[in-house]
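Structure at a glance
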Amino acid sequence: MKKIKEVNPPKVLVLGFATVILIGAFLLTLPIATEDGKGLSFLNALFTATSATCVTGLVVVDTGDTFSMFGELVILTLIQIGGLGFMTFATFLFLLLGKKISLKERLLLKEAFNNVSITGLVRLVKRILIFTAVIELVGGIILSIRFSYDMPLGKAIYFGFFHTISNFNNAGFDLMGEFRSLTPYVDDPIVVLTVCALITLGGLGFIVMNELYEYRNTRRLSVHTKVVLLATVILTVGATLLIFIFEYGNAKTLGPLSETGKVLGSLFQAVTPRTAGSNTLPIGDLTHSTLFLITFLMFIGAGSGSTAGGIKITTFAVLVATVWSQIKGKEDVVLFRRRIVTETILKALTVALCGLSIVVFMTMALSITEPGHDFMMYLFEATSAFGTVGLSMGLTPELSSIGRILIIFTMFAGRLGPLTVAFAITKRRKSDTFRHIKGNIMIG
């Protein structure tokens, strides 16, 4: 039992992701990884590998124009590992080899999924693999059929499954070339609705998907699942309406489109900030009001235990509920007739403040290392990296070496979570055996 107690799950997760990133970076420096046969410089390879493993999508070179099929498959593999999670992928390999999952591995899985117990985790991993395979197969087939009208069948299948895996894992990498992302399909209902569905499913979280799957038998959903589902609907519908209003008359975005195209364009840009990174509207041409809204959505992110980043939608919901309870003068914070424990509220506050601190620091740092740009560009890029979104106003490809290192760190912290990184580099003390006397501080 001594060895089990010495396990530091956050440290193992951090080292595991770092190892995957370094292996990916090395592979992308090989001559076979790029079209010109020269390979990437190590810094660019490290940036790309971090972006892929942390399922972000920010790129310093265009994926479709720069990489060979070998390089693209390396990126796709990193996306799949990063989306499923290092420990999920490792458990999958153990199961293939017939290895028994030890208590140590179960503790690591518990940390990776942010779960409260180790019960049923191996069964959950098996279901995650099945959910992922089915969703990516269906999405890949739909997009392959649609792309077959625009390109040869073989290329269409490759593009279909690449973009399906990329968007389900909320990565946002694309093969369209010239940093265009999915802008050629802005008013295509098949591409837009399919990709939006993939992004949303990936952002709900595997815990939520598993509960929805079991609902036919249990007829019960946890508070966590209810919060994720309700908040997802509210943010998606609300953001779609606001973007439709903000961009309706913008000649560079929704202006030239039909009414249906305007709705599809608004919907896609409302869904993708939930940490996907693909875009059908040119980000640099959006109004400042839309850019600020997208920045807000990127900071929130999607469901806990999902392929997404950000502070997570549940963290945001708990904070809103806490503020509302204080305004109403209530002592307890209640969601769906369930009292939220103080530990959860404090953790939500810590996550939000840590995330905000990272974004603020990185915004200031980028304004120093990359002078001459609009402030909104610094804030947008820093938030996109922290939320592992991948949307860019065009600053990322122009970053200096220091700027790229800053964004690499931000993507890494955003994918693992600021608390996980903090716990990995600090030694957590046991609970105090005594309590200090109370002290009062004036607030507000």
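Just so you know, these numbers come straight off a predicted model, no measurement behind them. (Residues numbered from 1 in each chain as written. Predicted model: local features only at pLDDT ≥ 70, side-chain atom pairs only at ≥ 80, totals over all residues. Heavy atoms only, no water.)

Looking at the side chain of Thr236
Applicable threshold: Helix and strand definitions follow DSSP, with helices as H or I runs of at least four residues and strands as E runs of at least two, each counted in order from the N terminus. Type-normalised accessible area, obtained with a 1.4 Å probe on protein chains alone, sets the label of each residue: buried when under 20%, exposed when over 50%, and partly exposed for intermediate values. Any pair of N or O atoms that falls within 3.5 Å is considered a polar contact. Within protein, one atom must be able to donate a hydrogen and the other to accept it, and sequence-neighbouring residues count only if both atoms are side-chain atoms. Between two residues, a contact is recorded if the distance between any of their heavy atoms is within 4.5 Å.
Looking at the secondary structure, you find Thr236 in helix 12 (residues 223–247). Given a relative accessible area of 13%, Thr236 falls into the buried group. Within the local environment of Thr236, its side chain forms a polar contact with the backbone oxygen of Thr232, the two atoms lying 2.7 Å apart. Sequence-distant contacts of Thr236, defined by excluding residues within four places in its chain, comprise Leu267, Ala270, Val271 and Arg274.

Some details on a nonpolar patch on the surface
The condition is simple: Put simply, a patch holds well-exposed residues, over 30% relative accessible area, that have no salt bridge, with like charges counted together within 9 Å and Val, Leu, Ile, Met, Phe, Trp or Tyr side chains within 5 Å. Note on areas: these come from Shrake-Rupley sampling with a 1.4 Å probe, and a residue is covered only by the protein chains present in the view. When a carboxyl oxygen of Asp or Glu is within 4 Å of a side-chain nitrogen of Lys or Arg, the pair counts as a salt bridge.
Together, Leu349, Leu353, Leu356, Val360, Phe361 and Met364 give the surface a local cluster of nonpolar side chains, amounting to about 560 Å² of exposed area. Tracing the chain through its elements places Phe361 in helix 16 (residues 342–369).

Overview of unusual backbone geometry
Located in the positive-phi region is Ser181, a residue other than glycine, with phi close to 55°. Mapping Ser181 onto the fold places it in the loop between helix 9 (153–168) and helix 10 (189–204). Unusually for a residue other than glycine, Phe336 sits at a positive phi of about 50°. Looking at the secondary structure, you find Phe336 in the loop between strand 1 (334–335) and strand 2 (338–339).

Observations regarding the packing of aromatic side chains
For any pair of aromatic rings, the description rests on two quantities: the centre-to-centre distance and the angle between the ring planes. Inclusion rule: Whether two aromatic rings pair depends on their centres lying within 6.5 Å, for rings of Phe, Tyr and Trp, where Trp uses its six-membered ring; planes under 30 degrees apart make the pair stacked, over 60 edge-to-face, and the rest tilted.
Under the counting rule described, the total for this entry stands at seven aromatic pairs. Taking the centre distance of 5.4 Å and the plane angle of 55° together, the rings of Phe147 and Tyr185 count as tilted. Of this pair, Phe147 sits in helix 8 (residues 121–147) while Tyr185 sits in the loop between helix 9 and helix 10; the two residues are 38 residues apart in sequence, bridging distant segments of the chain. The two residues Phe147 and Tyr185 agree in class, both being buried.

A word on the side chain of Ser181
Ser181 gets classed as buried once you look at its relative accessible area, which sits at 3%. For Ser181, the side chain forms a polar contact with the main-chain nitrogen of Asn279, separated by 3.0 Å. Ignoring anything within four residues of it in the chain, the contact list for Ser181 reads Asp174, Met176, Ser278 and Asn279.

Quick notes on the nonpolar core
Put simply, the rule is: We define the nonpolar core as a collection of buried residues of types Ala, Val, Leu, Ile, Met, Phe, Trp, Tyr and Cys that are connected through side-chain atoms lying within 4.5 Å of one another.
With 100 residues, the main nonpolar core has Phe147 and Phe380 as its most contacted residues. In contact with Phe380, other than residues within four places in its own chain, are Ile283, Leu291, Ile294, Thr295, Met298, Leu391, Ser392 and Met393. Listed in part, the 12 residues of the second largest apolar core include Val228, Ala239, Leu293 and Leu297.

Some details on helix 10
Short version of the rule: An expected span of 1.5 Å times one less than the residue number is assigned to each helix.
The terminal C-alpha atoms of helix 10 lie 22 Å apart, and with 16 residues this matches the ideal 22 Å at 1.5 Å per residue to within 8%. Among all positions of helix 10, only Val191, Val192, Thr194, Val195, Cys196, Leu198, Ile199, Gly202, Gly203 and Leu204 are buried. Looking at where helix 10 begins, the residue whose side-chain oxygen comes 3.0 Å from the main-chain nitrogen of Ile190 is Asp188. One or two positions beyond helix 10, positive phi appears at Gly205, with a value near 105°.

Quick word on empty space enclosed by the protein
Definition in use: Two kinds of site are reported from a 1 Å grid over the protein atoms alone, namely cavities, where a 1.4 Å probe fits but cannot get out, and pockets, open sets with protein on both sides within 12 Å along at least five of seven lines, and residues are called lining when an atom falls within 4 Å of a point. Grid points are joined across faces, edges and corners, and a volume is the space filled by probe spheres set on the points.
Counted under the stated rule, the structure contains one cavity of 30 Å³ or more. Roughly 40 Å³ of volume is contained in the largest cavity. Contributing to the lining of the largest cavity are Leu235, Thr236, Ala270, Arg274, Leu297, Ile300 and Gly301. Taken together, the elements giving at least two residues each to the lining of the largest cavity come down to helix 12 and helix 14 (288–300).

Overview of helix 11 (residues 206–218)
Spelled out, the test is: Two axes enter the definition of the bend at a residue: one is fitted to the seven residues ending there, the other to the seven starting there, and the bend is the angle between them.
Its 13 residues place the ends of helix 11 17 Å apart at the C-alpha level, agreeing with the 18 Å of an ideal helix rising 1.5 Å per residue. Leu212 marks the point of greatest bend in helix 11, at about 30°. Within helix 11, burial applies to Phe206, Ile207, Val208, Met209, Asn210 and Glu211. Following helix 11 by one or two positions, Arg219 adopts a phi angle in the positive range, close to 55°.

Remarks on the confidence of the model for the chain
Interpretation of the predicted coordinates at a detailed level should be avoided for regions scoring low in pLDDT. The condition is simple: A score from 0 to 100, pLDDT tells how confident the predictor is in each residue.
Of all residues in the chain, 86% have pLDDT values of 70 or greater, and the mean over the chain is 86. Predicted confidence is poor over residues 1–5, with pLDDT under 50, and the contacts of this stretch with residues over four places away or in other chains come to three contacts.

Comments concerning the packing of helix 16 against helix 17 (residues 375–386)
To keep things clear, this is the line we draw: Geometry is summarised by axes, namely lines fitted to C-alpha atoms with helices restricted to the contacting stretch, and by angles between N-to-C directions that run from 0 to 180 degrees. Reported orientations rely on four angle classes, namely roughly parallel under 35 degrees, roughly antiparallel over 145, roughly perpendicular from 65 to 115, and oblique for the rest. Helix crossings get a hand from a simple test, with the near helix turned counterclockwise from the far one by less than a right angle marking a left-handed crossing and a clockwise turn marking a right-handed one.
Viewed as axis vectors pointing N to C, helix 16 and helix 17 meet at an angle of 135°, and their least axial separation amounts to 8 Å. Viewed along their axes, helix 16 and helix 17 adopt a mutual orientation that is oblique. At the point where helix 16 passes helix 17, the crossing takes the right-handed sense. Contacts between helix 16 and helix 17 involve Gly355, Ile358, Val359, Met362, Thr363, Leu366 and Ser367 on the former and, on the latter, Phe375, Tyr378, Leu379, Glu381, Ala382, Thr383 and Phe386.

Observations regarding a negative patch on the surface
Threshold: Charged residues are defined here as Lys and Arg on the positive side and Asp and Glu on the negative side; His and the ends of the chain fall outside this count. The atoms used to mark charge sites are NZ of Lys, CZ of Arg, CG of Asp and CD of Glu.
On the surface, Glu35, Asp36, Asp65 and Glu178 cluster together into a negatively charged patch. Within the secondary structure, Asp65 sits in helix 4 (residues 63–66).

Some points on the packing of helix 12 against helix 13 (residues 259–271)
For the record, the criterion: By the convention adopted, Pro, Cys, Tyr, Trp, Phe, Met, Ile, Leu, Val and Ala count as nonpolar, Lys, Arg, Asp and Glu as charged, and the other residues, Gly among them, as polar.
Interhelical geometry of helix 12 versus helix 13 gives an angle of 130° and a closest axis separation of 8 Å. In terms of orientation, helix 12 and helix 13 fall into the oblique class. Here the hand of the crossing between helix 12 and helix 13 comes out right-handed. Residues Thr236, Ala239, Thr240, Ile243 and Phe244 of helix 12 form the contact with helix 13, whose participating residues are Glu259, Lys262, Val263, Ser266, Leu267, Gln269, Ala270 and Val271. Among the residues making up the contact of helix 12 with helix 13, the classes are represented as seven nonpolar, four polar and two charged.

Things to note about the pattern of salt bridges
The tally for this structure, following the rule as stated, stands at three salt bridges. Linking Arg146 and Asp150 is a salt bridge whose minimum nitrogen-to-oxygen distance equals 3.1 Å. A relative accessible area of 44% places Asp150 in the partly exposed class. In this structure, the salt-bridge partner of Asp188 is Arg146, at a minimum N-O distance of 2.5 Å. One end of the pair, Asp188, is in the loop between helix 9 and helix 10; the other, Arg146, is in helix 8, and 42 residues separate them in sequence. You can call Asp188 buried: its relative accessible area is 11%. In this structure, a network of salt bridges that share partners links the residues Arg146, Asp150 and Asp188.

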